[in-house]
Amino acid sequence: MSVPIVQVDAFTAVPFAGNPAAVCVLPESRDDQWMQNVASEMNLSETAFLHPEGDGYRLRWLTPAIEVDLCGHATLASAHVLWEDGHLGPDVEARFHTRSGLLTCRRDGEWIEMNFPIKLAEPAEAPASLAEALGADPTYVGRNQFDYLVEVADEATLRSLRPNHQLLRQLAVRGVIVTARGREYDFVSRFFAPGAGVDEDPVTGSAHSALAPYWAARLKKDCMTGFQASARGGVVKVRLEGDRVYMSGQAVTVLRGNLLA
């Protein structure tokens, strides 16, 4: 039996930018090894697997190497596919049951708004190898349950980073979020996660669960626009409300196919 699979560029309004994710909408759950094999075959930063459960869908995210607890761009891509392919009506909220609890998405014109938990990064001591691994001196280092959050001096420094992924791979975290004040946007960022099988993620929604409260405190504003300055690049709008971060992005379908194994 073939399984439909859709590739979506998330956090972009045009193809071949933003962050690509593969999405499999399944009639029921499949075994873990099959999902990991598919994610490895797709070789994208994330492949999303979802099937109906209760009042919504069970959603899981896998990199080519591991399953992760939270992923923004593949959630955005999943919601996009549910609406585009008629699994949900255009005005129906997408509800996802995940390792990080209930996540919801709604359409707002050409944008999709996701409701995510804040993942506040508390100040932390920098690992001895961090500055060497990044090739830049941090002005701030924090950590949450997933990642290190590092601020560097300015946008030019951030854009010029050429990190040592072998050193970063040795850190006991999912990844390293690097950020700076933006020139055109409120803030800019990059995300490196070689330990999770992704040297640099093009646009990372889950990182904005930490970036939003961090920059809200510094810029004294609750609504901001961030830009992830990877080679592909992507725009993420954020809005803070209590202990939640509302993240908005756009999405474009670029490929459709069928898994035959």
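Residues numbered from 1 in each chain as written. Predicted model: local features only at pLDDT ≥ 70, side-chain atom pairs only at ≥ 80, totals over all residues. Heavy atoms only, no water.

1. Quick notes on the layout of surface pockets
The probe, sized like a water molecule, is rolled over the atoms to show the empty space still left.
Line of reasoning, step 1. In this structure, the largest pocket encloses a volume near 200 Å³.
Line of reasoning, step 2. What lines the largest pocket is a set of 13 residues, and nearest its centre among them are His80, Arg107, Gly109, Glu110 and Ala251.
Line of reasoning, step 3. Counting residues per element, the ones that place at least two in the lining of the largest pocket are helix H2 (72-84), strand E8 (111-117) and strand E18 (251-259).
Line of reasoning, step 4. In terms of residues, the lining of the largest pocket owes the most to one element, H2, which gives three residues.
Line of reasoning, step 5. Here the lining of the largest pocket is composed, by residue class, of six nonpolar, four polar and three charged. (1 Å grid on protein atoms, 1.4 Å probe; cavity = no way out; pocket = protein on both sides within 12 Å on 5 of 7 lines; lining within 4 Å. Points joined across faces, edges and corners; volume = space filled by probe spheres on them. Helix = DSSP H or I, 4+ residues; strand = E, 2+ residues; numbered from the N terminus. Nonpolar A, V, L, I, M, F, W, Y, C, P; charged D, E, K, R; others polar.)

2. Things to note about empty space enclosed by the protein
Line of reasoning, step 1. Per the stated rule, a full pass over the model turns up two cavities of 30 Å³ or more.
Line of reasoning, step 2. Quantified by volume, the largest cavity comes out at close to 120 Å³.
Line of reasoning, step 3. Lining of the largest cavity is provided by 18 residues; of these, Glu46, Arg174, Phe191, Asp201 and Thr204 occupy positions nearest its centre.
Line of reasoning, step 4. Among the residues forming the lining of the largest cavity, the class breakdown is eight nonpolar, seven polar and three charged.
Line of reasoning, step 5. Put simply, the second largest cavity is a space of about 30 Å³.
Line of reasoning, step 6. Lining the second largest cavity are Leu168, Leu171, Val173, Arg174, Gly175, Val176, Phe192, Ala193, Pro194 and Gly195.
Line of reasoning, step 7. Secondary-structure elements contributing two or more residues to the lining of the second largest cavity are strand E12 (175-181) and strand E13 (187-193).
Line of reasoning, step 8. Taken together, the residues that form the lining of the second largest cavity break down as seven nonpolar, two polar and one charged.

3. Structural notes on the environment of Lys237
Line of reasoning, step 1. Relative to the assigned elements, Lys237 resides in strand E16 (residues 234-241).
Line of reasoning, step 2. Judged by relative accessible area, Lys237 falls into the partly exposed class, the value being 34%.
Line of reasoning, step 3. C-alpha separation for the pair Lys237 and Gly249, spaced 12 residues apart in sequence, amounts to 6.7 Å. (Buried < 20%, exposed > 50% of the residue type's maximum accessible area, 1.4 Å probe, protein only.)

No statement about biological role is implied by the geometric values presented.
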